Every structure is written in C-alpha cells, then in structure tokens.
Amino acid sequence: MVGQSDVQPRTSNISARRGEPLVVVEHVDKHFGDLHVLRDINTVVNRGEVVVVIGPSGSGKSTLCRAINRLETIDSGVITIDGAKLPEEGSGLARLRADVGMVFQSFNLFAHKTVLENVTLGPIKVRGMKKKAAEEKAMALLDRVGVANQAKKMPNQLSGGQQQRVAIARSLAMDPKVILMDEPTSALDPEMINEVLDVMVGLAADGMTMIVVTHEMGFARKAADRVLFMADGAIVEEATPEQFFTHPKSERAKDFLSKILDH
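Residues numbered from 1 in each chain as written. Predicted model: local features only at pLDDT ≥ 70, side-chain atom pairs only at ≥ 80, totals over all residues. Heavy atoms only, no water.

Undergrad: Please provide a residue-by-residue account of the overall build of the protein, values included.
TA: Within the protein one finds nine helices and 10 strands. In summary, the protein has a C-alpha radius of gyration of 18 Å against a globular reference of 18 Å for 263 residues, a match within 12%. Along the first, second and third principal axes, the C-alpha atoms of the protein reach 55 × 45 × 40 Å. Each of the 263 residues in the protein was classed as buried or not, and the buried ones make up 52%. By sequence separation, contacts in the protein at least 24 residues apart represent 68% of the contacts at least 6 residues apart. Considering the protein, the positive charge centre built from 32 side chains and the negative charge centre built from 34 side chains are found 6 Å apart. (Helix = DSSP H or I, 4+ residues; strand = E, 2+ residues; numbered from the N terminus. Rg over C-alpha atoms; globule rule 2.2 N^0.38 Å. Buried < 20%, exposed > 50% of the residue type's maximum accessible area, 1.4 Å probe, protein only. Contact = heavy atoms within 4.5 Å. Lys, Arg positive; Asp, Glu negative; His and termini not counted. Charge placed at Lys NZ, Arg CZ, Asp CG, Glu CD.)

Following this line, the structure appears as structure tokens:
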C-alpha cells in the first residue's frame, strides 16, 4: 500500500472520502469582462466531505462557491450536483437551490421577519411543510446552533454571531445535500467568530457535506477533509490539511502560508 506522503495531492484524500461524488466541477471557466476569474476548474466533492477553499483575495474562491448554486453563471464547463447538471433557470434551478444550502458573509436574513419565521419560510414555501412541523423543526435547529432563546426576536436585535448561526439553521432547515459557506465569519467581530466556527465544526463532525470559503486556518486544520488552494482563478494545490499546512508543494502556497501563519 502506498503511504499518504507518496501520493500526489490530487489523489491524496481518496481514503478519507466517505461517499459517492456529490458535487462535480469539470473544466469550468468564468470571465468578468477581460478578467479571467475561474480557469479550468476541476474538482469533486464527495458526500460527507468537508472541503475548505483558501487563497489570496481575488483568487476566485467566492466566485467558485457562487457558481456551484448558479448565483454566478459560468462561461464553459459543467457542474453537476448529485448527478444532475445545473439548470439554467426556472423551477429546476429553484429545486436545485433547495438542495444546496448557502451561508453568506453578510447573513442575508429577512429583516422584517422574526428569527423563527426566517428559519421556517423555506420549508413551508418550498418544501410544502405544515407550519407546526416547520416550527418544531426550526426550534430544534435553533437549539442546535445555540440561539433557540432568540426565536421571537427580529434579526437586528441579535449580534452578528447570533445572526450567522440563525442563517446556518435556516440553511439546515431545508435538509440540503450540501452547504456552501462563503466567508461566513469574515463580517464578525473577533469574539463572535468562535461561536460560529464551533457550529461549523459540529456540522462537519455530523457528516454534513460542506464547501467552505474561509480565512480561518484553524477551522481548515480541524474540520476539513481536504484543502483547495486557489490563486489567480485556478486550483493550484489540493491536499489534506496536514499535507497542505506542513508540506505545501507550490511556491504560491508556500508564499501564502508564510504571510498568514507568521501573523
């Protein structure tokens, strides 16, 4: 048997992958005008896997995350989720988005609805769940993320960390196949970051498939099955956290890590 250290980064995590391919990205390219923001992106995220996407600002991380549920269109290539190609628009896209949870940097809660209403809206409107069942489920999820006592409040009455935990509960309420998180802690005050990261670590431990764009290297070390390092719109390196943080292969990754880990 070949040891982990003898395998190239692209295949290094196969032993850690727990399920069938869930998100498959093949030869994806994307431009914003003259700017080539995604360059021939190829990756597979398997069921139950936590993939953390890191890299310098402007490397294409958030664009990739948003392309996976078609908040951004792509110029070429194919993205499939659970075997189905991303629909262009219409009811098919709505169904797909119901299966792909999204947690944003800026929470994106409905300001005019209570915390409980924010979490029950999707299950009632999209999944057709009865209000009582949706509320019971929502309260269990709010309890899971530690904010059940805030259920009757409006979002603006909550701290940023509490709002983000509500956003995670809202995403979980749809029973998504995968959750995308686009820098979920970057808008938070430092003391609030850990309360959100703790929830994310718990989800990872429970086997939730997650793709997380983050600057939180501690989370990447603790919870990721695999790290994708992006620079200039391309995946430069793909490895287990242990391999990436201790033996990065590319000069670009070495340079990036030297800048962030020394501070």
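Undergrad: Please provide a residue-by-residue account of the packing of aromatic side chains, values included.
TA: Counted by the stated rule, this structure contains three aromatic pairs. Between Phe 229 and Phe 244, the ring centres sit 5.7 Å apart and the planes meet at 35°, which makes this aromatic pair tilted. Here Phe 229 is found in strand β9 (residues 226–231), whereas its partner Phe 244 is found in helix α8 (residues 241–246), with 15 residues between them in sequence. Given the relative accessible area of 0%, Phe 244 is considered buried. Between the aromatic rings of Phe 229 and Phe 256, the centroid separation amounts to 5.2 Å while the plane-to-plane angle is 45°, which identifies the pairing as tilted. Residue Phe 229 is found in strand β9, and its partner Phe 256 is found in helix α9 (residues 251–261); the two are separated by 27 residues along the sequence. In this structure an aromatic cluster arises from ring pairing among Phe 229, Phe 244, Phe 245 and Phe 256. (Phe/Tyr/Trp six-rings, centres within 6.5 Å; stacked < 30°, edge-to-face > 60°.)

Undergrad: Which residues make up the sheet that holds strand β1 (residues 21–32), and what are the values?
TA: An order of β2-β1-β4-β5 is seen for the four strands of this open sheet, with the pairing classed as antiparallel. Where the open sheet ends on each side, the last strands, each with one partner, are β2 (35–46) and β5 (84–85). Here two bridges tie strand β4 (residues 76–81) to β5, and the two strands are oriented antiparallel to one another. Bridged to Thr 80 within β5 is Lys 85. Packed onto the sheet, helix α1 (residues 61–68) meets β1, β2 and β4 and runs at close to 120° relative to β1. (Pairing = 2+ DSSP bridges. Axes fitted to C-alpha atoms, helices over the stretch in contact; angles between N-to-C directions.)

Undergrad: Quick rundown of the pairing of strand β10 (residues 234–239)? Include the residues and the values.
TA: In the case of a regular strand, side chains alternate between the two sheet surfaces. Sheet topology note: the β9/β10 ladder contains five bridges and is antiparallel. Residue pairing in the sheet places Leu 228 in a bridge with Glu 238 of β10. Where β9 folds back onto β10 in an antiparallel hairpin, the turn is made up of two residues, including Asp 232, whose phi is positive at roughly 55°.

Undergrad: So what's going on with the pattern of salt bridges? Which residues, and what values?
TA: The final tally for this structure, using the stated rule, is 16 salt bridges. Across the pair Lys 177 and Asp 82 runs a salt bridge, and its minimum N-O distance is 2.8 Å. Remark: Asp 82 occurs in the loop between β4 and β5 and Lys 177 occurs in the loop between α5 (160–172) and β7 (178–182); sequence separation between them is 95 residues. When the shortest N-O distance is used, the salt bridge between Lys 259 and Asp 255 registers 3.1 Å. Of this pair, Lys 259 and Asp 255 both sit in helix α9, four residues apart, which is roughly one turn of the helix. (Salt bridge = Lys/Arg side-chain N within 4 Å of Asp/Glu carboxyl O.)

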